[in-house]
Amino acid sequence: MVVGMLLFTAGALYFLIDSLSTVLLFIVSLPIMLFCAMMALSAFLELQQLLSKVCVTAEGVTVISPFFPPKHLTWDGFQQVCICLYVSGRGMLDNRYPQLCFVCKGEQRSIHDRWKTHNPFHHHKLIAIDYDEELFEAIRAICPLEIVDLRNTAPYQPFNKEASQ
């Protein structure tokens, strides 16, 4: 992850420095630089999420991330607390696992009607932690919101081609 972030950052810087000699070369290199910068930002945000710590209390949820001050969210700032399945952005359901999600107000679902737990640009509005039965029981004891189990709902089920024929 970190290596990928550094490679994309280095690629963006290389194309930027190399293309400064002519305007035409800069214009041609611009899409590559933007792609490298976007991938580097995505990797940085994903790394932030992986290194973050989440503290759940009776008052709310506190997220402690490197390079940022702690962010405290009260329970009334969430539209839903749920158990859902991590599903990649491509909609592949073969590599999925349960997560406990704290969904901030205003967050939108994907076109597949799932929470965007795979998207690093949504980690500030959707706090997802790996599901564990013991952790779930501890959070359920202090969470004033109903924790909805979405794992067996239609958006998180594999699409069965035979059933649609």
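Residues numbered from 1 in each chain as written. Predicted model: local features only at pLDDT ≥ 70, side-chain atom pairs only at ≥ 80, totals over all residues. Heavy atoms only, no water.

The next subject is the nonpolar core. The biggest cluster of nonpolar side chains holds 18 residues, and the ones touching the most others in it are Val 61, Trp 75, Phe 78, Leu 100, Phe 102, Ile 139 and Ile 147. Listed by contribution, the elements that provide at least two residues to this core are β2 (60-64), β4 (78-86), β5 (97-104), β6 (126-130) and α3 (133-142). With residues up to four places along the chain from it excluded, the contact list for Leu 100 reads Val 81, Cys 82, Ile 83, Ile 127, Ala 128, Ile 129, Tyr 131, Phe 136, Ile 139 and Ile 147. Grouped together as the second largest cluster of nonpolar side chains are 11 residues, Cys 84, Trp 115, Leu 126 and Ala 128 included. (Core = buried A, V, L, I, M, F, W, Y, C linked by side-chain atoms within 4.5 Å. Buried < 20%, exposed > 50% of the residue type's maximum accessible area, 1.4 Å probe, protein only. Helix = DSSP H or I, 4+ residues; strand = E, 2+ residues; numbered from the N terminus. Contact = heavy atoms within 4.5 Å.)

This part is about unusual backbone geometry. You will see that Phe 67, though not glycine, has its phi angle at about 75°, which is positive. Its location among the elements puts Phe 67 in the loop between β2 and β3 (71-74).

Applying the stated rule across the entire model yields three salt bridges. Note that Asp 113 is salt-bridged to Arg 109, the shortest N-O span being 3.8 Å. Given a relative accessible area of 31%, Arg 109 falls into the partly exposed group. (Salt bridge = Lys/Arg side-chain N within 4 Å of Asp/Glu carboxyl O.)

Looking now at helix α2 (residues 23-51). Between its first and last C-alpha, α2 extends 40 Å over 29 residues, near the 42 Å set by a 1.5 Å rise per residue. Most pronounced at Ser 29, the bend in α2 amounts to some 45°, and the proline Pro 31 follows within four residues. Burial in α2 covers these residues: Ser 29, Met 33, Cys 36, Ala 40, Ser 42, Ala 43, Glu 46, Leu 47 and Gln 48. (Expected span 1.5 Å × (residues − 1). Bend = angle between axes of the 7 residues up to and from the residue.)

Let us now look at the sheet that holds strand β7 (residues 147-149). Two strands in a sheet stick together by hydrogen bonds in their backbones, pointing the same way (parallel) or opposite ways (antiparallel). What the four strands build is an open sheet, ordered β6-β5-β4-β7; its pairing is mixed. Among the strands making up the open sheet, the edge pair consists of β6 and β7. Mean inter-strand twist for the sheet, computed between neighbouring axes without regard to direction, equals 25°. The pairing of β4 with β5 spans eight bridges and is antiparallel. Pairing of Tyr 86 across the sheet is with Tyr 97, part of β5. (Pairing = 2+ DSSP bridges. Axes fitted to C-alpha atoms, helices over the stretch in contact; angles between N-to-C directions.)

Further remarks concern the confidence of the model for the chain. Atomic detail in the predicted coordinates should be set aside for any region of low pLDDT. Looking at the chain as a whole, the pLDDT averages 80, with 81% of positions reaching at least 70. β3 holds the highest mean pLDDT among the elements of the chain, 92, whereas helix α1 (residues 2-19) holds the lowest, 67. Below a pLDDT of 50 lies the segment residues 161-165, which in the model reaches one contact outside its immediate sequence neighbourhood of four places, other chains included. (pLDDT = per-residue confidence, 0-100.)

Judged by pairing direction, the sheet is antiparallel, and its three strands sit side by side in the order β1-β2-β3 without closing on themselves. For this open sheet the edge positions go to β1 (53-56) and β3, each flanked by a neighbour on one side alone. Each strand axis lies, on average, 15° off the axis of its neighbour in the sheet, ignoring direction. Pairing geometry for β1 and β2, over four bridges, is antiparallel.

Moving on, we get to a nonpolar patch on the surface. On the surface, Met 38, Leu 41 and Phe 121 cluster together to form a nonpolar patch covering roughly 260 Å² of accessible area. Along the chain, Leu 41 turns up in helix α2. (Patch = residues over 30% accessible without salt bridge, like charges linked within 9 Å, V, L, I, M, F, W, Y side chains within 5 Å. Areas by Shrake-Rupley, 256 points an atom, 1.4 Å probe, with all protein chains shown as cover.)

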